[in-house]
Amino acid sequence: MTAPRPPHPARKALGRLSLPERTFVADALRTETVGGVLLLLAAVTALIWANVPALRHSYEAVSHFSFGPGALGLDLSVAHWAADGVLAIFFFVAGIELKRELVAGDLRDPKAAVLPVVAALCGMAVPALVYTVTNLAGHGSTQGWAVPTATDIAFALAVLAVIGTSLPSALRAFLLTLAVVDDLFAILIIAVFFTDRLNFAALGGAFLGLAVFWLLLRKGVRGWYVYLPLAIVNWALMYNSGVHATIAGVAMGLMLRCTTREGEKHSPGERVEHLVRPLSAGFAVPLFALFSAGVVVSGRALGDLFTRPETLGVVLGLVLGKALGIFGGTWLTVRFTRASLSEDLAWPDVFAVASLAGIGFTVSLLIGELAYDGDALLTDETKAAVLTGSLIAAVCATVLLKIRNAKYRKLCEAEDRDDDLDGVPDVYEEDDPAYHLRMARILERRAAEHRRIAAERTAAADDGRAEVPGGAGDEGGRPA
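Residues numbered from 1 in each chain as written. Predicted model: local features only at pLDDT ≥ 70, side-chain atom pairs only at ≥ 80, totals over all residues. Heavy atoms only, no water.

The name recorded for the protein chain in an unreviewed UniProt entry is Na(+)/H(+) antiporter NhaA, from Streptomyces graminearus. Among the UniProt annotations of the protein chain, the heading Catalytic activity (unreviewed entry) holds the following wording: "Na(+)(in) + 2 H(+)(out) = Na(+)(out) + 2 H(+)(in)". Of the protein chain, the UniProt comment under Sequence similarities (unreviewed entry) reads exactly: "Belongs to the NhaA Na(+)/H(+) (TC 2.A.33) antiporter family." (UniProt positions renumbered as here; feature names shortened; annotations may be inferred.)

This is the structure we're talking about:
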């Protein structure tokens with residue numbers, strides 16, 4: 001008779017990360033946090049530069065200054081270079097992140113991938129629905145339906161850095177994975193819905209260049225002096241094809257190998273990402289913000305944000321749509337699968353992170369420019385709506401996270417504790433007998449030290465009591 005199979009333990013949603021994944025997430029988020037602070041500074045600088053009367057003319061002059069080889073169709077303004085040129089570096093890093101998640105991260109396991117993928121999809125669909133309903137009801141334009149669908153991980157982490165919240169690694173990883181999936185679908189939206197003309201000769205050249213890029217990687221050819229010129233050529237061909245040029249960055253990022261081979265400590269993708277991520281977070285994204293966030297703010301413009309359906313739809317999509325979509329997607333996944341929420345977390349924590357994901361900046365601004373290309377007024381108002389919605393979402397998330405900050409601090413302290421000083425957090429060694437033997441030796445040494453100190457103090461106290469009755473301070477048999 002066959003013994004009954006033991007029931008499978010319920011999988012924990014938002015549970016503890018594996019040690020390699022935790023290390024990778026910590027390194028990635030550290031860079032993104034620094035980049036996010038620079039992004040905030042760039043956005044504030046842009047707003048000041050564009051709104052101070054004495055500086056406004058210079059901002060417009062710099063933004064619209066054109067340069068580049070016109071014969072190649074690349075005589076672009078500074079703002080255009082920032083959006084279509086250097087931002088390709090950001091999308092290149094996004095492509096590497098996505099590839100790593102698919103082959104070595106959480107997304108490689110379909111069971112683990114269900115939660116962030118469903119949450120991200122719902123977190124894009126609901127804001128788009130909120131925007132569309134708002135504009136249909138208010139007789140506005142539905143062209144900007146994709147504007148509130150994107151999450152800006154750098155901006156969100158900058159908010160976390162400013163408010164000082166100790167968010168557990170599982171929630172940080174959830175936010176990062178959400179943003180990676182979010183970026184993937186945002187890229188698809190840009191490629192499918194914002195390509196209105198195609199130059200098939202240039203597109204064919206771009207595909208040929210990408211094929212050469214892939215072949216060189218496959219053959220193990222090394223050297224930045226080979227890949228950098230080829231990457232620039234691929235970008236230029238993609239730009240002239242009519243497809244948004246940043247797609248070239250994503251494609252090349254996805255081609256890099258993100259798994260290690262024998263004798264390798266890090267994969268080529270990890271090495272390249274480690275080199276390029278600071279350039280993306282510290283230069284490309286802040287530069288884009290500097291020339292995209294400079295919208296003129298006035299009382300009338302702020303009033304229009306909440307009366308014009310296009311801008312109101314963006315604000316509601318970011319603030320309400322993102323929070324409800326991600327929270328609802330997470331709840332539905334846990335409800336209809338075998339997963340259960342980690343016992344260290346509660347549903348308000350998920351809602352707080354979902355609210356934080358309502359901070360949309362880089363990709364939202366880019367989609368806003370593409371959606372209303374040719375309508376400068378509506379483009380600027382949409383940018384103002386993105387900034388306003390992101391600010392409201394940041395304030396809401398700050399309040400929600402602060403309520404649970406004491407709990408988060410305890411969880412982070414438990415995650416980081418390393419009593420045996422071997423460089424590995426103790427929570428990852430609880431099932432290792434060697435760890436307990438090391439701790440036993442450490443505690444025995446501490447106990448021996450405490451016994452020695454106790455013996456010395458006891459002896460000193462006994463000597464003190466013995467000296468008092470017959471000490472040198474006695475005079476005539478009386479105590480001094």
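(A) Fine view of the overall build of the protein chain. Within the protein chain, the secondary structure is distributed over 17 helices and 4 strands. For the protein chain, the residues scored as buried account for 46% of the 480 residues in total. For the protein chain, the share of sequence-separated contacts (at least 6 apart) that also reach a separation of at least 24 residues comes to 76%. Accessible area for the protein chain stands at about 24,100 Å²; split by element, carbon and sulfur atoms hold 65% of it. (Helix = DSSP H or I, 4+ residues; strand = E, 2+ residues; numbered from the N terminus. Buried < 20%, exposed > 50% of the residue type's maximum accessible area, 1.4 Å probe, protein only. Contact = heavy atoms within 4.5 Å. Areas by Shrake-Rupley, 256 points an atom, 1.4 Å probe, with all protein chains shown as cover.)

(B) Representation of the nonpolar core. With 103 residues, the main nonpolar core has Phe 91, Leu 175, Leu 356, Ile 359, Phe 361 and Leu 401 as its most contacted residues. No other element matches the 12 residues that helix H6 (residues 169–193) contributes to this core. Among the nonpolar cores identified, the runner-up in size contains 7 residues, and Leu 76, Ala 88, Ala 236 and Tyr 239 belong to it. (Core = buried A, V, L, I, M, F, W, Y, C linked by side-chain atoms within 4.5 Å.)

(C) Inspection of the side chain of Ser 390 at higher detail. As for its position among the elements, Ser 390 is in helix H15 (residues 376–403). In terms of polar contacts, Ser 390 uses its side chain to reach the backbone carbonyl oxygen of Val 386, at 2.8 Å. (Polar contact = N/O pair within 3.5 Å; in protein donor to acceptor, adjacent residues only side chain to side chain.)

(D) Structural detail: helix H13 (residues 347–356). For H13, a buried count of 7 out of 10 residues is recorded, marking the element as mostly surrounded by other parts of the structure. Along H13, the residues that are buried comprise Asp 349, Val 350, Ala 352, Val 353, Ala 354, Ser 355 and Leu 356.

(E) Structural context of the side chain of Thr 246. Positionally, Thr 246 belongs in helix H9 (residues 246–255). Residues contacting Thr 246, with those up to four places away along its chain left out, are Ala 83, Asp 84, Leu 87, Ala 88 and Phe 91.

(F) The pattern of salt bridges, seen in detail. Evaluation of the coordinates by the stated rule reveals 11 salt bridges. Here Arg 100 ties to Glu 101 by a salt bridge, and the two come within 3.2 Å at their closest N and O atoms. Exposure class is identical for Arg 100 and Glu 101. Each is buried. For Glu 456, the salt bridge goes to Arg 452, with nearest N and O atoms at 2.5 Å. With Glu 456 and Arg 452 both in helix H17 (residues 433–467) and 4 residues apart, the pair spans about one turn of that helix. Using a relative accessible area of 44% as the deciding quantity, one classes Glu 456 as partly exposed. (Salt bridge = Lys/Arg side-chain N within 4 Å of Asp/Glu carboxyl O.)

(G) Just the environment of Ala 137, in detail. In this structure, Ala 137 sits in helix H4 (residues 110–137). Between the C-alpha atom of Ala 137 and that of Pro 309, which follows or precedes it by 172 residues, the distance is 8.2 Å.

(H) Just the packing of aromatic side chains, in detail. All told, the structure shown has 13 aromatic pairs when counted by the stated rule. Centroid distance Trp 49 to Phe 291: 6.3 Å. Interplanar angle 55 degrees. Geometry classified as tilted. Within this pair, whereas Trp 49 is found in helix H1 (residues 19–51), its partner Phe 291 is found in helix H10 (residues 268–292), the two being separated by 242 residues in sequence. Aromatic side chains Phe 327 and Phe 351 sit 5.6 Å apart centroid to centroid with 80 degrees between the ring planes, which places their arrangement in the edge-to-face category. Within this pair, whereas Phe 327 is found in helix H12 (residues 309–336), its partner Phe 351 is found in helix H13, the two being separated by 24 residues in sequence. One aromatic cluster is present, formed by Phe 65, Phe 67, Trp 81, Trp 235 and Tyr 239 through successive ring pairs. One cation-aromatic arrangement involves Arg 335 over Phe 336; the distance from NZ or CZ to the ring centre is 5.2 Å. (Phe/Tyr/Trp six-rings, centres within 6.5 Å; stacked < 30°, edge-to-face > 60°. Lys NZ or Arg CZ within 6 Å of the ring centre and 35° of its normal.)

(I) Molecular detail of the environment of Ala 79. Its place among the elements puts Ala 79 in helix H3 (residues 78–103). Each C-alpha atom of the pair Ala 79 and Leu 287 lies 8.9 Å from the other, and the pair is 208 residues apart in sequence. Beyond its immediate chain neighbours, meaning those up to four positions away, Ala 79 contacts Ser 63 and Phe 291.

(J) Just the packing of helix H5 (residues 153–163) against H15, in detail. Two elements in contact, H5 and H15, have axes separated by 11 Å at closest approach and are oriented at 50 degrees. Between H5 and H15, the crossing angle belongs to the class labelled oblique. In this structure, the crossing between H5 and H15 has a hand that is right-handed. Residues Val 159, Leu 160 and Ile 163 of H5 lie in contact with H15, whose contacting residues are Ala 394, Thr 398, Leu 401 and Lys 402. (Axes fitted to C-alpha atoms, helices over the stretch in contact; angles between N-to-C directions. Parallel < 35°, antiparallel > 145°, perpendicular 65-115°, else oblique. Left-handed = near helix turned anticlockwise from the far one by under 90°.)

(K) Seen up close, unusual backbone geometry. Positive phi outside glycine occurs at His 139, with the angle close to 60 degrees. Tracing the backbone shows His 139 in the loop between H4 and H5. For His 139, a relative accessible area of 76% corresponds to the exposed category.

(L) Region of interest: a nonpolar patch on the surface. The grouping of Val 34, Val 37, Leu 38 and Leu 41 at the surface amounts to a nonpolar patch, some 320 Å² of accessible area in total. With respect to the helices and strands, the residue Val 37 is situated in helix H1. (Patch = residues over 30% accessible without salt bridge, like charges linked within 9 Å, V, L, I, M, F, W, Y side chains within 5 Å.)

(M) Broad picture of the confidence of the model for the protein chain. Across the protein chain, pLDDT averages 83, with 87% of residues at or above 70. When mean pLDDT is taken per element in the protein chain, helix H7 (residues 200–218) scores highest with 94 and strand S1 (residues 12–13) scores lowest with 60. Counting contacts from residues 1–9, a segment whose pLDDT is below 50, to residues more than four positions away or on other chains yields 1 contact. (pLDDT = per-residue confidence, 0-100.)

(N) Focus on the environment of Pro 127. On the secondary structure map, Pro 127 appears in helix H4. Taking the C-alpha atoms as reference, Pro 127 lies 8.5 Å from Gly 313; in sequence the two are 186 residues apart. Each residue touching Pro 127, except ones within four places of it in the same chain, is listed here: Cys 122, Pro 148, Thr 149, Gly 317, Gly 321 and Lys 322.

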